[in-house]
Number of protein chains: 4
Amino acid sequence: MTANKIKVGLIGAGFIGALHAKNLSRHPGIELAYVAEPNSDLGGKVAAEVGSKWIADPAEILSDSSVDAVWIASPASTHTDLIRRSIEANKAVFCEKPVGMDLVEVDALVDKYEDYGKPVFIGFNRRFDGSHARLKEIVESGAIGKVEMVSITSRDPNPPPVYYMKATPGGIFYDTIIHDLDIARWLLGEEPVEVYSTASCHLDNEVNPDREYDAATVTLKCASGAVCQITASRRAVYGYDQRIEVFGSKGMVQSENHGQSNVKLYQQDSIKQDPLQNFFIDRYATAYVSEIDTFVAACRGEKVDFPNLKDGREALFLSFEALKSARSDGPVRLG
Amino acid sequence: MTANKIKVGLIGAGFIGALHAKNLSRHPGIELAYVAEPNSDLGGKVAAEVGSKWIADPAEILSDSSVDAVWIASPASTHTDLIRRSIEANKAVFCEKPVGMDLVEVDALVDKYEDYGKPVFIGFNRRFDGSHARLKEIVESGAIGKVEMVSITSRDPNPPPVYYMKATPGGIFYDTIIHDLDIARWLLGEEPVEVYSTASCHLDNEVNPDREYDAATVTLKCASGAVCQITASRRAVYGYDQRIEVFGSKGMVQSENHGQSNVKLYQQDSIKQDPLQNFFIDRYATAYVSEIDTFVAACRGEKVDFPNLKDGREALFLSFEALKSARSDGPVRLG
Amino acid sequence: MTANKIKVGLIGAGFIGALHAKNLSRHPGIELAYVAEPNSDLGGKVAAEVGSKWIADPAEILSDSSVDAVWIASPASTHTDLIRRSIEANKAVFCEKPVGMDLVEVDALVDKYEDYGKPVFIGFNRRFDGSHARLKEIVESGAIGKVEMVSITSRDPNPPPVYYMKATPGGIFYDTIIHDLDIARWLLGEEPVEVYSTASCHLDNEVNPDREYDAATVTLKCASGAVCQITASRRAVYGYDQRIEVFGSKGMVQSENHGQSNVKLYQQDSIKQDPLQNFFIDRYATAYVSEIDTFVAACRGEKVDFPNLKDGREALFLSFEALKSARSDGPVRLG
Amino acid sequence: MTANKIKVGLIGAGFIGALHAKNLSRHPGIELAYVAEPNSDLGGKVAAEVGSKWIADPAEILSDSSVDAVWIASPASTHTDLIRRSIEANKAVFCEKPVGMDLVEVDALVDKYEDYGKPVFIGFNRRFDGSHARLKEIVESGAIGKVEMVSITSRDPNPPPVYYMKATPGGIFYDTIIHDLDIARWLLGEEPVEVYSTASCHLDNEVNPDREYDAATVTLKCASGAVCQITASRRAVYGYDQRIEVFGSKGMVQSENHGQSNVKLYQQDSIKQDPLQNFFIDRYATAYVSEIDTFVAACRGEKVDFPNLKDGREALFLSFEALKSARSDGPVRLG
């Protein structure tokens, strides 16, 4: 750490990588030294904007002993390997979800490095949304008593491109609902023992020609009787619908949606408000910054909570089991 | 009182009289014996519906010693005299606002009968709305500390008929805002020492050919520095807008509008709710019933709060002074 | 019908029977002639209050040819038989849910009388709540497009007495969730092909010594891919939680909870509102009256929608299948 | 403009100057070249943080011909002179409100430079709040018809320090309510012809030993009959209360408060939300950035709306007249 700043190398300068680059470069606790990206146009542009060095190969980051931390925002298929190499280079690690796509490899990584002394922080950004974090704080405070029911609504405004859906069959589970499964584990306070899913295909052929699942529900059961219900869709015409509700023995708490404004228009036939914030870039803009705050605190040895390697593994595992349930039309016993 | 029921004679079977007749006839604590109404068609119809005796002249109610209470819902010009005669006949009295239209007569009545031992209850129905009453309870509890500011929004969906506006020049003050002035006194906890009003004329010639005031504001100042702002209109296209807010040294409390439903519709361009309840018949339906509950309790000697003769006088007085201010374009010192 | 009023005989004067008695006696379209109730104290008291004749045996209602309609609010075990006898006596019928407790008998009744020419109206009161009815109207209007997901939250403030829970094992499904299953069918617009449930036992031994299910979830799947998720609890400390949400291809609509007031208190540490309406007596007070309005309209031959005998059968069937799923720990294929 | 960036010199590095420095330095359209501040510790620190050159005397900014714009955040007493000198140096100008404290000087400035070809942008930040701007857009769209009534609630969480209140007698009008007067003019669409104010002193001697006005109301009347009511306080224990409502012939629109989170906690006795955002730094954080966006657009010759020199003069004038009204206990005719 130079002058108390954490020196970071970013891997990946695609959409989400560029977003991280901007946030990292502005953060007072971070020095963003490298942007590693094989695509030179993309990498060069992003690096220039944030005043960092562009490199094609992340190996330079890993071998630079002055680098404190690696920030992984490359494609999912590269995650497990990059996490492993970063740990071997003794770096702190931030990695976008998922921790990988091959559960065997992921399990091997977790087994080997679960006790690694530096942060391995998996980017489940929703935990860092102000309202969701406040909900968690209230649950932790005991204000609603023992958690009995978690309800999560998670709807994207628009489906991903056709090629992307085709390349990731069942992706609604391991690409999108994986976030909700992480939230479920975070709030339930115990591991589910059974998962039951439904999956549907509602979108037009034009946007979903391969008839991929574009809507799904998941029910998680825990040994204590606590349950979580998730409902997800890849097309909510009214915007990005992100709600969490936790019901307990002493009360209930909701983290509600965020609108585009706080304006109400009263007319003869209705009272109107502006739509919800459109997508994660708007809704979770501050969450991405809070992730960095927490990562910096963790690197400095402060006691903070964040989703770690094990959490990354569990959410991935649950997403695969949920997909299995949807495909087999029956519940799957876990663990 | 027959069998613990309060025997009531109703005077007036117009719109509001018929509403009271229905509520009184259904109330378990009331026996509605008479409906007095000069118009025989009207009076006969209402009396038949509620199983009471129709009479043309209210004198029969006043001379029937078995009648416990007189319920006055006749035209405003008759109120002062009917209250006086009812008191002289030793009846409990309910009288729709206003207590009269001639302040000299009203003052004489108040002077003579302020200490009358039976209830003289003036029908400021808003005090009995569930939300407004809850607000008052919170203010009384001290939860917001010393009252510093009362804000009242009071908008009718539609103006009264042209003939009515013409017959009651400046009526927005003594017909409508008189309710708000009563609410102001109820919440301020002290009498205002100054009133300043504005009055405007916004409606089309078609509905307001005589260019009567159809919108107004009132500012009331108290000796402690507490202030009340009222805004009123005779045409809110979005429904009956009835809001009260009280700001104090330790907090603020609002009694908000009531919608026609609790339904929210999320569409691409907006989030929509149904409009507000349309008018006082809907919004204050339960308030009219609560008035009767309180009147019955008062007749039975229970300690309950209700707007009395003096309150009726003060609100009338303030409405006249507010009208004076609007006409003179300057504040009026009171008392 | 005497003087255009529908002459009704009420069967049952328990808690809900007494409520119906009061509403029926006040309804301008109804003449409540009889209150049949074996318990003479109870029956006599209720009949006196509403000015009807008390009888012990409902047979007198059925044999009185001037009676137009039978209103059944007796114990669930008597429903099927009383509906049958009422139909045989050529009466219109209102019957509280459920239509019975023995599906074989119920099926026989439905088979025989599905085409009966007079209304057989099953008391699923929630359909007649103003907000829920408005939600249904919006769904029917096409404003949210094709229905893809129905989410129902249904939580009672307090569990029933211990003796009642013991007498009705699994009753959370056929006593409470049966309402939600009716709402689900009403909104989905197609019959479910699979049901999956979870059931839990969270309450203390003191209030649930027999460890009956006191919380449950249900997932219903339809052939089109539409899904319904229900979450239910017998103890929500914050009041009667009754919400419905319908998500579709063009939008989403919610029927939200109803609070005890529309008051907001702003203090240093929080913004507070009064709790939800406590239970069905408050929340569905107007729904019980609307049921009568609709029943009267149906008796008069107007085209109105109401839950009929078949609807009563389907909701009962689904509640039994949902209970089966909870007990067997797996989904149940339907139909 | 270097490389399409607007080269800016900032004058003043106090609290609000430092805030602007941070925002300016991060803005892609701005090059923040200088921070002028007589206090070398303060100026040096802020300049270092944003990578600009610290200077003691703003003259260096004015004489640097490569500087495009001057950003004035120095004490109010210096504003008129600095605006004048900046215009004489042919710079674009941003100046925090007020435009000065001496109306004669301000009038002279306006007279001379009203037609100056470059932007002179007065920092009425509230116009740039997302919700307020959306409200304005709706008003402009005609959705509420002709504006008849503007209601503004403007309450600070805490009063300024004692020394500050003492140094600025009546400051609640020209320091705080000046913002609301600007909003009133912005929304009314016509100039007021009369102002009537009340002013009160509610705070304890400890925080207000000089018995300065700490609460006030203002009523503005326009020739058309449109009216604006403002209520202001220097102590709202529940947070920063910033609401605007506009009522018109065809509807009503509200810009409501912003809470600290979108979380709702349901417990036995209440439903709770987190308090409002505490003060302008939180509530108007994005407004300060939007100001820069608009300033940049204006400098580039785009057609955008912003509060100009004349607007600054009018709001100052109204604040002085409102104070006069409060002191004289009567309305003041304008213009």
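Residues numbered from 1 in each chain as written. Chains lettered and ligands numbered in written order. Predicted model: local features only at pLDDT ≥ 70, side-chain atom pairs only at ≥ 80, totals over all residues. Heavy atoms only, no water.

*Asks:* What should I look at first to understand helix H8 (residues 171-188) of chain D in this one?
*Replies:* For an α-helix the count is 3.6 residues per turn, leaving residues at separations of three or four pointing the same way. Residue and element names in this part refer to chain D. In a regular helix each residue adds 1.5 Å, so 18 residues correspond to 26 Å; H8 covers 24 Å between its end C-alpha atoms and thus fits that length. If you look at H8, its biggest bend is around 60°, right at Ile177. With 18 of 18 residues buried, H8 is to be regarded as a mostly interior element. Note on H8: the residue one or two positions beyond its end, Gly189, has a positive phi of about 75°. (Helix = DSSP H or I, 4+ residues; strand = E, 2+ residues; numbered from the N terminus. Expected span 1.5 Å × (residues − 1). Bend = angle between axes of the 7 residues up to and from the residue. Buried < 20%, exposed > 50% of the residue type's maximum accessible area, 1.4 Å probe, protein only.)

*Asks:* What am I meant to see in the pairing of strand E8 (residues 192-200) of chain A here?
*Replies:* Residue and element names in this part refer to chain A. Extensive coverage of E8 is indicated by the burial of seven of its nine residues. Pairing analysis gives eight bridges linking E8 to strand E9 (residues 215-222), with the strands arranged antiparallel. Directly across from Ser200, in E9, lies its bridge partner Ala215. In the sheet, E8 pairs with strand E15 (residues 332-333) via two bridges, with the strands oriented antiparallel. Its bridge partner being in E15, Glu194 is matched across the sheet by Arg333. (Pairing = 2+ DSSP bridges.)

*Asks:* Can you walk me through the domain arrangement of chain A in this structure?
*Replies:* As a measure of interface size, the accessible area lost when the parts come together is often cited. Residue and element names in this part refer to chain A. As assigned here, chain A comprises domain 1 (6-118) and domain 2 (127-286 + 315-333). Inter-centroid distance (C-alpha atoms) of domain 1 to domain 2 is 27 Å. Opposite the ten residues of domain 1 that make contact, domain 2 presents nine residues. Three residues, Lys97, Met101 and Leu103, lead the burial of domain 1 against domain 2; their summed loss comes to 62% of the area buried on that side. Applying the counting rule to domain 1 against domain 2 returns one salt bridge. Residues Asp175 and Lys97 are paired through a salt bridge, measuring 3.4 Å at the closest nitrogen-oxygen approach. In this assembly, domain 1 and domain 2 are joined by one residue pair in polar contact (both at pLDDT 80 or more). Counting only elements with at least two residues in the side of domain 1 that touches domain 2, the list comes to helix H1 (15-26) and helix H5 (103-113). Of all the elements, H1 adds the most residues to the side of domain 1 that touches domain 2, at three residues. Of the residues assigned to the side of domain 1 that touches domain 2, the class counts are eight nonpolar, one polar and one charged. (Domains from an automatic or database assignment. Contact = heavy atoms within 4.5 Å. Buried area = accessible area lost by both parts, 1.4 Å probe. Salt bridge = Lys/Arg side-chain N within 4 Å of Asp/Glu carboxyl O. Polar contact = N/O pair within 3.5 Å; in protein donor to acceptor, adjacent residues only side chain to side chain. Nonpolar A, V, L, I, M, F, W, Y, C, P; charged D, E, K, R; others polar.)

*Asks:* Explain the sheet that holds strand E6 (residues 120-123) of chain B to me, please; I cannot follow it from the model alone.
*Replies:* Residues and elements named next belong to chain B. Across the sheet, which stays open at both edges, the six strands sit in the order E3-E2-E1-E4-E5-E6 with parallel pairing between neighbours. Looking along the sheet, the strands with just one partner apiece sit at the ends: strand E3 (53-55) and E6. Neighbour to neighbour, the strand axes of the sheet diverge by 20° on average, direction disregarded. Note that strand E5 (residues 92-96) and E6 share four bridges and pair parallel. The residue of E6 that forms the bridge with Glu96 is Gly123. Lying on the sheet, helix H1 (residues 15-26) is in contact with strand E1 (6-11), strand E2 (30-36), strand E4 (69-72) and E5; it crosses E1 at an angle near 165°. (Axes fitted to C-alpha atoms, helices over the stretch in contact; angles between N-to-C directions.)

*Asks:* Honestly, the relation of the copies chain C and chain D in this entry has me stumped. Any pointers?
*Replies:* For the pair of chain copies, the relating operation is a rotation around an axis with a shift along it. Overlaying chain C on chain D yields an RMSD of 0.0 Å, the required transformation being a rotation through 180° with an accompanying axial translation of 0.0 Å. Between the two chains, the operation in question is that of a two-fold axis. When C-alpha distances to the rotation axis are compared across chain C, the minimum falls at Lys272 of chain C, with a value of 2.3 Å. The fraction of interface residues of chain C whose copies in chain D are also interface residues reaches 100%, indicating that both copies meet through the same surface. (Least-squares fit on C-alpha atoms with pLDDT ≥ 70 in both.)

*Asks:* When you look at the sheet that holds strand E6 (residues 120-122) of chain C in this model, what are you seeing that I'm missing?
*Replies:* Two modes of strand pairing occur in sheets, parallel and antiparallel, and in both the strands are linked by backbone hydrogen bonds. Residues and elements named next belong to chain C. Strand order in the open sheet formed by six strands is E3-E2-E1-E4-E5-E6, and the pairing between neighbours is parallel. Of all strands in the sheet, those bounded by a partner on one side alone are strand E3 (53-55) and E6. Taken pair by pair, the neighbouring strands of this sheet meet at an average axis angle of 20°, ignoring direction. Across three bridges, the pairing between strand E2 (residues 30-36) and E3 is parallel. From the neighbouring strand, Val35 faces E3, where its bridge partner is Trp54.

*Asks:* I keep staring at the relation of the copies chain A and chain C and nothing clicks. Help me out?
*Replies:* For the pair chain A and chain C, the best superposition has an RMSD of 0.0 Å and corresponds to a rotation of 180° with a translation of 0.0 Å parallel to the axis. Both copies share a contact surface, since 100% of the interface residues of chain A are interface residues in chain C too.

*Asks:* What is the right way to read the packing of aromatic side chains from this model?
*Replies:* Remark: the centre distance and the inter-plane angle together describe each pair of aromatic rings, the angle taken between the planes. Going through the model one piece at a time under the given rule, you end up with 66 aromatic pairs over all chains. Seen from their ring centres, Phe121 of chain A and Phe295 of chain A are 5.9 Å apart, and the 70° between their planes marks the pair as edge-to-face. In this pair, Phe121 of chain A is assigned in strand E6 (residues 120-123) and Phe295 of chain A in helix H10 (residues 285-299), connecting sequence segments 174 residues apart. No difference in accessibility class separates Phe121 of chain A from Phe295 of chain A, as the two residues are buried. Ring centres of Phe15 of chain B and Phe280 of chain B lie 6.4 Å apart, and the angle between their planes is 80°; this geometry places the pair in the edge-to-face category. Here Phe15 of chain B is found in helix H1, whereas its partner Phe280 of chain B is found in helix H9 (residues 280-283), with 265 residues between them in sequence. An aromatic cluster is present here, built from Trp71, Phe94, Phe121, Phe128, Phe295 and Phe306 of chain A joined pairwise through their rings. Looking at Arg155 of chain B, its charged tip hangs above the ring of Phe247 of chain D, at a distance of 4.1 Å from the centre. Above the face of the Phe317 of chain D ring, Arg313 of chain D is positioned so that its terminal group lies 4.6 Å from the ring centre. (Phe/Tyr/Trp six-rings, centres within 6.5 Å; stacked < 30°, edge-to-face > 60°. Lys NZ or Arg CZ within 6 Å of the ring centre and 35° of its normal.)

*Asks:* Looking at this structure, how should I read the environment of Gly239 of chain C?
*Replies:* All names here are of chain C. With respect to the helices and strands, the residue Gly239 is situated in the loop between strand E10 (227-233) and strand E11 (241-248). Through-space distance from the C-alpha of Gly239 to that of Gly117 is 41 Å; in sequence the pair is 122 residues apart. Beyond its immediate chain neighbours, meaning those up to four positions away, Gly239 contacts Arg155, Asp156, Pro157, Leu276, Gln277 and Asn278.

*Asks:* Would you explain the side chain of Gln242 of chain A in this entry?
*Replies:* Residues and elements named next belong to chain A. If you trace the backbone, Gln242 turns up in strand E11 (residues 241-248). When its relative accessible area of 2% is taken as the criterion, Gln242 is described as buried. A distance of 2.5 Å separates polar atoms of two side chains, one belonging to Gln242 and the other to Tyr284. Residues contacting Gln242, with those up to four places away along its chain left out, are Arg126, His132, Thr153, Ser154, Arg155, Ser255, Glu256, Asn257, Arg283 and Tyr284.

*Asks:* How should I be thinking about the interface of chain A and chain C in this particular structure?
*Replies:* On the side of chain C, 39 residues touch chain A, which itself brings 39 residues to the contact. At the boundary of chain A with chain C, total buried surface from both sides reaches about 2,900 Å², with 50% on carbon and sulfur atoms. For the salt bridge of Glu245 of chain A with Arg155 of chain C, the shortest nitrogen-to-oxygen distance reads 2.9 Å. At the boundary of chain A and chain C, one finds 18 residue pairs in polar contact (both at pLDDT 80 or more).

*Asks:* What's the story with unusual backbone geometry in this structure? I'm lost.
*Replies:* With the exception of glycine, the majority of residues adopt a negative phi angle, and the majority of peptide bonds are in the trans configuration. The linkage connecting Lys97 of chain B with the following residue, Pro98 of chain B, adopts the cis geometry, with an omega of -5°. Of note, Pro98 of chain B is situated in the loop between E5 and helix H5 (103-113). Even without glycine at this site, Asp329 of chain A takes up a positive phi of about 60°. Locating Asp329 of chain A in the fold gives a position in the loop between helix H11 (309-328) and E15. For Asp329 of chain A, a relative accessible area of 30% translates into the label partly exposed.

*Asks:* I'm lost on a positive patch on the surface in this one. Help?
*Replies:* A surface patch of like charges, here positive, comprises Lys22 and Arg26 of chain A together with Lys22 and Arg26 of chain D. Among the secondary structure elements, those contributing two or more residues to the positive patch are H1 of chain A together with helix H1 (15-26) of chain D. By the secondary structure assignment, Lys22 of chain D is in helix H1. When its relative accessible area of 48% is taken as the criterion, Lys22 of chain D is described as partly exposed. (Patch = residues over 30% accessible without salt bridge, like charges linked within 9 Å, V, L, I, M, F, W, Y side chains within 5 Å. Areas by Shrake-Rupley, 256 points an atom, 1.4 Å probe, with all protein chains shown as cover. Lys, Arg positive; Asp, Glu negative; His and termini not counted. Charge placed at Lys NZ, Arg CZ, Asp CG, Glu CD.)

*Asks:* Explain the packing of helix H5 (residues 103-113) of chain C against helix H11 (residues 309-328) of chain C to me, please; I cannot follow it from the model alone.
*Replies:* All names here are of chain C. Put simply, H5 and H11 touch, their axes get as near as 10 Å, and they point 155° apart. Relative to H11, H5 is oriented roughly antiparallel. For H5 against H11, the interelement crossing comes out left-handed. Where H5 approaches H11, its residues Leu103, Val106, Asp107, Leu109, Val110 and Tyr113 are matched on the opposing element by Leu309, Lys310, Arg313, Leu316, Phe317 and Phe320. Its residues assigned to classes, the contact of H5 with H11 comprises nine nonpolar, no polar and three charged. (Parallel < 35°, antiparallel > 145°, perpendicular 65-115°, else oblique. Left-handed = near helix turned anticlockwise from the far one by under 90°.)

*Asks:* In this structure, what is going on with the pairing of strand E1 (residues 6-11) of chain A? I would like to understand it.
*Replies:* Within a regular strand, side chains alternate between the sheet's two faces. Residue and element names in this part refer to chain A. Of all six residues in E1, six are buried, a share of seventy percent or more. Relative to strand E2 (residues 30-36), E1 runs parallel, the two sharing six bridges. Looking at E2, one finds that Ile6 is bridged to Ile30. Of the pairings in the sheet, the one linking E1 to strand E4 (residues 69-72) comprises four bridges and is parallel in character. The residue bridging Gly9 from the neighbouring strand is Val70, located in E4.

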